[in-house]
Amino acid sequence: MKRALFPGSFDPLTLGHVDIITRGVTLFDEVIVAIGVNADKKYMFSLDDRKRFIEETFKDEPKVKVVTYKGLTVDFCHKIGAEFILRGLRNPADFEFEKAIAHTNRHLSTIETVFLLTAARTSFIASSIVRDVIRNNGDYTKLVPDSVRVKP
């Protein structure tokens, strides 16, 4: 079974994330969306809300599982038997950042990182932008799936 882990904070889940996950299920037998828990980070949405957003969005896709984890992503991959890390790339800056992480992960383990370019229609969407739009009472509904369209 080809199992990929799609890690992130998903604060909140965006249409860009949805695009990568939807395309990922065509490549892998299972895509595990893994919400990383970082006690030092302040989130806009609770862990339970972020998990619910993803589960609700993919409730009709049996190849998508949602979990939470702490620690190194490669360690978690080994724990659950994921051979691949799935990542989305929006722009050259994302590539440089993700490349460094992928090289580090490859140095630490045998986990392969697979990059998918985001669709042009979602390439500008970032969770940080969505949070800023929400904080300033803007219309964020065109940036997120229906499951997220409830303010915190």
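Residues numbered from 1 in each chain as written. Predicted model: local features only at pLDDT ≥ 70, side-chain atom pairs only at ≥ 80, totals over all residues. Heavy atoms only, no water.

Labelled according to an unreviewed UniProt entry, the protein chain appears under the name Phosphopantetheine adenylyltransferase, originating from Algibacter pectinivorans.

The final tally for this structure, using the stated rule, is 10 salt bridges. One salt bridge connects Glu30 with Arg3, and the closest N-O pair in it is separated by 2.5 Å. With a gap of 27 residues between them, Glu30 in strand S2 (residues 30–36) and Arg3 in strand S1 (residues 3–8) connect regions that are remote in the sequence. (Salt bridge = Lys/Arg side-chain N within 4 Å of Asp/Glu carboxyl O. Helix = DSSP H or I, 4+ residues; strand = E, 2+ residues; numbered from the N terminus.)

The next point concerns the UniProt feature "site: Transition state stabilizer" (unreviewed entry) in the protein chain. Listed under "site: Transition state stabilizer" (unreviewed entry) in the UniProt record, and renumbered for this structure, are His17. With respect to the helices and strands, the residue His17 is situated in helix H1 (residues 15–24). The exposure class assigned to His17 is buried, which follows from its relative accessible area of 17%. Leaving out residues up to four positions away in the same chain, His17 has contacts with Phe6, Phe10, Pro12 and Ser127. (UniProt positions renumbered as here; feature names shortened; annotations may be inferred. Buried < 20%, exposed > 50% of the residue type's maximum accessible area, 1.4 Å probe, protein only. Contact = heavy atoms within 4.5 Å.)

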